[in-house]
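Each chain, letter by letter, is given below.
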Amino acid sequence: MAKKEISELREKIAEIAGMEGVLKSKSFDEIAPYIITGKALNFTVNEGTRILQKYEGPGSPTTICERTRLIDFCGWETTNEEGEAVFRLSDFNCPRTDAVTIYDIPINIVATSRIEVAIMTIQARIDPDDRNDIIITCKSYGPEGNALGNVLFNWRLLVPGTSSPIIS
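Some details on the overall build of the protein
Then, number 1: Counting its regular elements, the protein contains two helices and eight strands.
Then, number 2: Put simply, the protein runs from its N terminus to its C terminus through helices and strands in the order α-α-β-β-β-β-β-β-β-β.
Then, number 3: For the protein, the share of sequence-separated contacts (at least 6 apart) that also reach a separation of at least 24 residues comes to 65%.
Then, number 4: On the protein, roughly 10,700 Å² of surface is accessible, and the fraction owed to carbon and sulfur atoms is 52%.

Some points on the confidence of the model for the protein
Regions with low pLDDT carry predicted coordinates that are not meant to be interpreted in detail.
Then, number 1: Across the protein, pLDDT averages 76, with 66% of residues at or above 70.
Then, number 2: Here helix H2 (residues 28–31) stands out as the least confident element of the protein, with mean pLDDT 50; strand S3 (residues 84–88) is the most confident, with 92.
Then, number 3: Counting contacts from residues 20–24, a segment whose pLDDT is below 50, to residues more than four positions away or on other chains yields nine contacts.
Then, number 4: Within the model, the stretch residues 31–38 combines pLDDT values under 50 with 16 contacts to residues more than four positions away or in other chains.

Quick look at unusual backbone geometry
Then, number 1: The omega torsion across isoleucine 105 and proline 106 is 0°, close enough to zero to call that bond cis.
Then, number 2: Mapped onto the elements of the fold, proline 106 is located in the loop between strand S4 (99–103) and strand S5 (108–113).
Then, number 3: The backbone phi angle of asparagine 150 is positive, close to 60°, even though this residue is not glycine.
Then, number 4: Along the chain, asparagine 150 turns up in the loop between strand S7 (130–141) and strand S8 (152–165).

Overview of the nonpolar core
Then, number 1: Counting residues in hydrophobic clusters, the biggest one holds 22 residues, and the most contacted among them are Phe73, Tyr103, Ile134, Phe153, Trp155, Leu157 and Val159.
Then, number 2: Looking at this core, the elements that each hand over two or more residues are strand S2 (62–78), S3, strand S6 (119–127), S7 and S8.
Then, number 3: Sort the elements by how many residues they give to this core and S8 lands first, with four residues.

A look at the sheet that holds S7
Then, number 1: Spatially, the three strands line up as an open sheet ordered S3-S7-S6, and their pairing is antiparallel. Two strands bound the open sheet, and with one partner strand each, they are S3 and S6. Each adjacent strand pair in this sheet contributes to an overall mean axis angle of 15°, direction not counted.

Overview of the environment of proline 106
Then, number 1: Taking the relative accessible area as the measure of exposure, proline 106 reaches 41% and is therefore partly exposed.
Then, number 2: In the structure, proline 106 is positioned 52 residues away from leucine 158 in sequence and 8.5 Å away in space, judged by C-alpha atoms.
Then, number 3: Those residues in contact with proline 106 that lie beyond four places of it in its chain are Arg50, Leu158, Val159 and Pro160.

Quick word on the packing of aromatic side chains
Then, number 1: With the rule as written, the count across this model stands at two aromatic pairs.
Then, number 2: Judged by centre distance (6.3 Å) and plane angle (70°), the rings of phenylalanine 73 and tyrosine 103 are edge-to-face. One end of the pair, phenylalanine 73, is in strand S2; the other, tyrosine 103, is in strand S4, and 30 residues separate them in sequence. A single burial state applies to phenylalanine 73 and to tyrosine 103, both of which are buried.
Then, number 3: Consider the rings of phenylalanine 87 and tryptophan 155, whose centres lie 5.5 Å apart with planes at 45°: the pair is tilted. Taken together, the residues span a long stretch of sequence, with phenylalanine 87 in strand S3 and tryptophan 155 in strand S8 at a distance of 68 residues. Just as phenylalanine 87 is buried, tryptophan 155 falls in that class too.

Calculation notes
Residues numbered from 1 in each chain as written. Predicted model: local features only at pLDDT ≥ 70, side-chain atom pairs only at ≥ 80, totals over all residues. Heavy atoms only, no water. Helix = DSSP H or I, 4+ residues; strand = E, 2+ residues; numbered from the N terminus. Contact = heavy atoms within 4.5 Å. Areas by Shrake-Rupley, 256 points an atom, 1.4 Å probe, with all protein chains shown as cover. pLDDT = per-residue confidence, 0-100. Core = buried A, V, L, I, M, F, W, Y, C linked by side-chain atoms within 4.5 Å. Buried < 20%, exposed > 50% of the residue type's maximum accessible area, 1.4 Å probe, protein only. Pairing = 2+ DSSP bridges. Axes fitted to C-alpha atoms, helices over the stretch in contact; angles between N-to-C directions. Phe/Tyr/Trp six-rings, centres within 6.5 Å; stacked < 30°, edge-to-face > 60°.

Right, here's the structure in full:
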């Protein structure tokens, strides 16, 4: 890659990531992690234990421990001009033809801004119309509490899920 192309790429990445002036002095190797060709999603499936507490009136709760399938997803997204990103897990997950995954609670999610000045809030919920999907809403704010748009962030979600065969 020519020096001019690297310089232009560095400026474009800095503009997209909201890091003007920060990346200009960095080498290509240091900014390479910001070069994105597509939204990545990695996920792993592990067995785990879910502990639930059930309240049935006065007194101590009943504790239930059960083995469950835990699915760990991670990816990246960018907020829009108004500082909000709304997306579905199915936007990143390849559909299966042999089974359907039904998600359960609790859903654990975290978002990390790729710039220092942004404060992120994130929420994930099972789609009430489709238990096979999760709706994720993330908002980004500046230091004064105002909406901050075009913020690149990483996210990670851990959720219990079960697979059921598709019956035709």
